[in-house]
Amino acid sequence: MNKITLVDGKPSVPERPVIPFIEGDGVGAEITPAAQAVIDAAVEKSYGGKRKIEWKEVLAGEKAFRRTGSWLPEETMDAFREYLVGIKGPLTTPVGGGIRSLNVALRQELDLYVCLRPVRWYKGVVSPVKEPQKVNMHIFRENTEDIYAGIEWRQGTPEARKVLDFLRNEMGVKKIRFPETSSFGVKPVSVEGTERLVRAAIEYALERGLPSVTLVHKGNIMKFTEGGFKLWGYGLAEREFGDRTFTMMQYDRIRQEAGAESADRALEEAKQAGKLIVKDVIADAFLQNTLLIPEEYSVIATLNLNGDYISDQLAAMVGGIGIAPGANINYRTGHAIFEATHGTAPNIAGKNIVNPSSLLLSGVMMLDYLGWHEAAKAIEKAMEKTFADHAATIDLARFMDDAVSLSTTEFRDRLINNL
């Protein structure tokens, strides 16, 4: 079988790569074949049969549990390790014990430390904001640390009591308001985890000629975790990319030493020279600014929990999570899993009305990651044409004027015809 490999830090892709896929639970059975059909048609049209994806199904979620008794079989993990690049539909989180989250387990097992969520608007899609065309951001969400590490103890357990005793007696903590009824969690944020995320965000911005990277954090309150993220991110930018970036930390130093006019001049000169501007903003201010001045932001680097909130708000600004793609990537090893960013939606599963765009656009990201840019662009153009014609699945069509409401399969066919 033809495997993708990593050569000189970049994926080396054969003409017929094997791509493992997880169909997904709920609506996964509908969106996965629809997305695959459009991807296959785009590859065929773009390369005239020279290239083709060899799809390899692997199991996870309810389908895996029914067949194997395991929610995440080791064979599935082995396939993603071996073939480097995969794609998945939405997965049910098991109720009760066992795996906390299948999605988190996949990310942590493969150390997929970047959750990449590009957000842009497609003409014809109705948005709740006045100028959605100004929203064009690329979110780099740290994927392995922060409270998503899952280090916590439930109220009333012996473990929680031990943590409380340690905090009180060993660390001198006195600020727990209701200690006897508190659960406890640990929020790890490391220098290494911060630097590899910010490095990936800066390299991404430089490769694409984007204007800025913004570090989003709550360092004003969590000074050693999120505040550390800010300081370590700036330090990485200046140390490793000093000749191609200008940081707002540099701006502040110049302002203190030579005054505001000199700092403003240095910033303007950096922009004129085409340098990447690295800046930071407090998370709550950023959420406000995305509504007021979204054009001020391009690439976003942020911690795990902030990134979760930010990704969904930005998706809503361009029409909803139904058209929001996502990827989980380890740029060091080359491993990447592209995924639908929404849930399993059991209330509409089997009705042939679900929008496959999130998974399909994640497939577009996958094609770009493989270097198959022509096929990726063909799908985006087909989607733009379809939405511009006021044709969409019901979740988007209900907000459009004079809309044609399409079923999942009709939407698939319309996209293929518009390639």
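See the structure above.
(A) Structural detail: helix 5 (residues 158-170). The end-to-end C-alpha separation of helix 5 is 17 Å, in line with the 18 Å expected for 13 residues at 1.5 Å each. If you check which residues of helix 5 are buried, you get Ala 160, Val 163 and Leu 164. For helix 5, the angular spread of buried residues about the axis comes to 100°, placing them on one side. Exposed and facing more than 90 degrees away from the buried side of helix 5 are Pro 158, Lys 162, Asn 169 and Glu 170. Tucked into the core, helix 5 has its buried residues touching strand 8 (152-153) and strand 9 (184-185). Backbone geometry just after helix 5 places Gly 172 at a positive phi near 70°.

(B) Region of interest: the environment of Phe 338. Of note, Phe 338 is situated in strand 15 (residues 336-340). Counting along the chain gives 273 residues from Phe 338 to Phe 65, while the straight-line C-alpha distance between them is 22 Å. With sequence-adjacent residues up to four places away left out, Phe 338 is seen in contact with Val 85, Gly 86, Ile 87, Lys 88, Gly 326, Ala 327, Ser 362, Met 365, Met 366 and Tyr 369.

(C) Broad picture of the side chain of Glu 30. Position of Glu 30 relative to the elements: it lies in helix 1 (residues 28-47). Although Glu 30 lies buried, it forms no salt bridge, and the closest oppositely charged side chain, Lys 351, sits 9.8 Å away as judged by the N-O distance. Separated by 2.9 Å, the side chain of Glu 30 and the backbone nitrogen of Asn 352 make a polar contact. In this structure Glu 30 touches Ile 348, Ala 349, Gly 350, Lys 351, Asn 352, Ile 353, Val 354 and Thr 408, once residues within four positions along its chain are discounted.

(D) Highlighting a nonpolar patch on the surface. On the surface, a nonpolar cluster with roughly 280 Å² of combined accessible area is contributed by Phe 166, Met 171 and Val 173. Summarising the element assignment, Met 171 is placed in the loop between helix 5 and strand 9. Overall, Met 171 belongs to the exposed group, its relative accessible area being 53%.

Rules used in this analysis
- Per-chain numbering applies: the sequence of each chain, read as written, is numbered from 1 onward.
- Per-residue local features are limited, in this predicted model, to residues with pLDDT of at least 70; the limit for side-chain atom pairs, both in listing and counting, is 80 or more; totals at the level of whole chains, interfaces and linings are taken over all residues.
- In computing side-chain values, all of the structure's heavy atoms are included and hydrogens and water are not.
- Runs of H or I in DSSP of at least four residues are treated as helices and runs of E of at least two as strands, each being numbered from the N terminus.
- Given a helix with a known number of residues, its expected span is that number minus one, times 1.5 Å.
- Classification of residues uses two cut-offs on accessible area relative to the type maximum, computed with a 1.4 Å probe and protein chains only: under 20% is buried, over 50% is exposed, and between them is partly exposed.
- By construction, the arc corresponds to the directions joining the helix axis to the C-beta atoms.
- Only heavy atoms enter the contact rule, under which two residues are in contact if any of them lie within 4.5 Å.
- In this count, Lys and Arg are taken as positive residues and Asp and Glu as negative ones, while His and the chain termini are left out.
- For this analysis, a salt bridge means a side-chain nitrogen from Lys or Arg found within 4 Å of a carboxyl oxygen belonging to Asp or Glu.
- A 3.5 Å cut-off defines polar contacts: any pair of N or O atoms within that distance qualifies, except that in protein one atom must be a possible hydrogen donor and the other a possible acceptor, and neighbouring residues in sequence count only when both atoms are side-chain atoms.
- Nonpolar side chains (Val, Leu, Ile, Met, Phe, Trp, Tyr) within 5 Å and like charges within 9 Å form the patches, drawn only from residues with over 30% relative accessible area and no salt bridge.
- Here the Shrake-Rupley method, with its probe set to 1.4 Å, supplies the accessible areas, and only the displayed protein chains count as covering residues.

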